[in-house]
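The lines below spell out each chain.
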Amino acid sequence: MKLLQKSPPDPNIIQGIRAGGTARRLHENQLYGKYAYLIGEGTRKHRLSEDDSSIAYSDAVLTVIEHICADRFEGRSELKTYLFQIFNNKCVDLARRNTTKKAQIHQADGLSDYLNLLPDDTRTAVQQLMHQQDAQLLGQRLQELGEKCRQMLLAWGEGYKDEDIAQQMSYQSAAVVKTSRLRCLQRLRELYLNGR
């Protein structure tokens, strides 16, 4: 029978994050793992996909870590309550964004409808130009994300599993890679949507 590992108390996690250094990452991972069950609540309560809920949770944890380091978390509430409130707000934002995107998709004219009006040889040439431009744009957007995100997404795109990426890029676990990858993909989507 596997023994459950007891999570450290919140004051120890907070103190470890504030201390910095090599122990900080350990405490950040403890914070992430201690309340990761909230991801399931995000999928149920806000009807988000597991990936979207994971992104919201990761962003919430990062926000809490930033607040702890900047002394914005004053301890007037439990750490769990503080994290839950931020996570809940991020879930609501994602749910709204998803609803808005769905409405925009239903209103959009299909480019493929216009392509179908062109003669076959012209359509093929236009499609090739579009693929070329898409590849160049993707390359630019990946550069804007930064080196770690770019490496992770390229490895994932080549078929590497999260476990392999965790070993290659020195991440603690496949779960951390998955969360980081989802966050990178979300940032990539935002770069595309914002037209930067």
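Residues numbered from 1 in each chain as written. Predicted model: local features only at pLDDT ≥ 70, side-chain atom pairs only at ≥ 80, totals over all residues. Heavy atoms only, no water.

Asks: I'd like to hear about the overall build of the protein, residue by residue, with values.
Replies: Secondary structure summary: the protein contains ten helices and zero strands in total. Helices and strands appear in the protein in the N-to-C order α-α-α-α-α-α-α-α-α-α. In the protein, which comprises 196 residues, the share counted as buried stands at 32%. Counting contacts in the protein only where the partners sit at least 6 residues apart, residues at least 24 apart contribute 60% of the total. Carbon together with sulfur atoms contributes 51% to the accessible area of the protein, which is approximately 13000 Å² in total. (Helix = DSSP H or I, 4+ residues; strand = E, 2+ residues; numbered from the N terminus. Buried < 20%, exposed > 50% of the residue type's maximum accessible area, 1.4 Å probe, protein only. Contact = heavy atoms within 4.5 Å. Areas by Shrake-Rupley, 256 points an atom, 1.4 Å probe, with all protein chains shown as cover.)

Asks: I'd like a description of the nonpolar core, backed by residues and values.
Replies: Judged by nonpolar contacts, the single largest core of 23 residues is most densely connected at Leu31, Tyr57 and Leu83. Residue assignment for this core shows that the elements contributing at least two residues are helix 1 (10-19), helix 2 (21-34), helix 3 (38-45), helix 4 (50-69) and helix 5 (79-107). Per-element tally for this core: the top contributor is helix 4, with seven residues. Once residues lying within four places of it in the same chain are set aside, the contact partners of tyrosine 57 are Leu31, Tyr32, Tyr35, Ala36, Leu38, Ile39, Leu83 and Phe87. (Core = buried A, V, L, I, M, F, W, Y, C linked by side-chain atoms within 4.5 Å.)

Asks: Tell me about empty space enclosed by the protein, residues and numbers included.
Replies: Under the criterion given, the structure shown has one cavity of 30 Å³ or more. When its volume is computed, the largest cavity comes out at roughly 40 Å³. Taken together, Glu41, Gly42, Lys45, His46, Phe84, Phe87, Asn88 and Cys91 make up the lining of the largest cavity. For the lining of the largest cavity, the secondary structure elements donating two or more residues are helix 3 and helix 5. Looking at the lining of the largest cavity, the element that brings in the most residues is helix 5, giving four residues. Across the lining of the largest cavity, the residue classes break down as three nonpolar, three polar and two charged. (1 Å grid on protein atoms, 1.4 Å probe; cavity = no way out; pocket = protein on both sides within 12 Å on 5 of 7 lines; lining within 4 Å. Points joined across faces, edges and corners; volume = space filled by probe spheres on them. Nonpolar A, V, L, I, M, F, W, Y, C, P; charged D, E, K, R; others polar.)

Asks: Outline the side chain of histidine 46, listing residues and values.
Replies: Counting through the fold element by element, histidine 46 comes out in the loop between helix 3 and helix 4. Residue classification places histidine 46 among the buried residues on the basis of a relative accessible area of 16%. Here the side chain of histidine 46 touches asparagine 88 through a polar contact of 2.6 Å, side chain to side chain. Contact partners of histidine 46, with chain neighbours within four places excluded, come to Glu41, Asn88, Cys91, Val92 and Ala95. (Polar contact = N/O pair within 3.5 Å; in protein donor to acceptor, adjacent residues only side chain to side chain.)

Asks: For the pattern of salt bridges, give the residues involved together with the corresponding values.
Replies: Scanning the entire structure with this criterion turns up ten salt bridges. When salt bridges that share partners are traced, they join Glu50, Asp51 and Lys178 into one network. (Salt bridge = Lys/Arg side-chain N within 4 Å of Asp/Glu carboxyl O.)

Asks: Please set out the packing of helix 3 against helix 4 residue by residue, giving values where relevant.
Replies: One way to put it is that helix 3 packs onto helix 4 with a least axis distance of 8 Å and a crossing angle of 125°. The orientation of helix 3 relative to helix 4 falls into the category oblique. When you trace helix 3 past helix 4, the crossing you get is right-handed. Only Glu50, Ser53, Ser54 and Tyr57 of helix 4 make contact with helix 3, whose side of the interface consists of Leu38, Ile39, Gly42 and Thr43. Taken together, the residues of the contact of helix 3 with helix 4 break down into three nonpolar, four polar and one charged. (Axes fitted to C-alpha atoms, helices over the stretch in contact; angles between N-to-C directions. Parallel < 35°, antiparallel > 145°, perpendicular 65-115°, else oblique. Left-handed = near helix turned anticlockwise from the far one by under 90°.)

Asks: Describe the side chain of aspartate 52, listing the residues and the values that go with them.
Replies: Position of aspartate 52 among the secondary structure elements: in helix 4. Buried within the structure, aspartate 52 lacks any salt-bridge partner; its nearest side chain of opposite charge belongs to arginine 189, at an N-O separation of 4.9 Å. Excluding residues that lie within four positions of it along the chain, aspartate 52 makes contacts with Leu94 and Asn98. (Lys, Arg positive; Asp, Glu negative; His and termini not counted.)

Asks: Outline the packing of aromatic side chains, listing residues and values.
Replies: In this structure the tally under the stated criterion is four aromatic pairs. Considering the side-chain rings of tyrosine 57 and phenylalanine 87, the 5.9 Å spacing of their centres and the 80° angle between planes classify their relative orientation as edge-to-face. Linking tyrosine 57 in helix 4 with phenylalanine 87 in helix 5, this pair joins segments that are 30 residues apart in sequence. Of the two residues examined, tyrosine 57 and phenylalanine 87, each falls in the buried class. Three or more aromatic residues joined by ring pairs make a cluster, and in this case those are Tyr32, Tyr57 and Phe87. The ring of tyrosine 171 carries lysine 148 above its face, with NZ or CZ at 4.8 Å from the centroid. (Phe/Tyr/Trp six-rings, centres within 6.5 Å; stacked < 30°, edge-to-face > 60°. Lys NZ or Arg CZ within 6 Å of the ring centre and 35° of its normal.)

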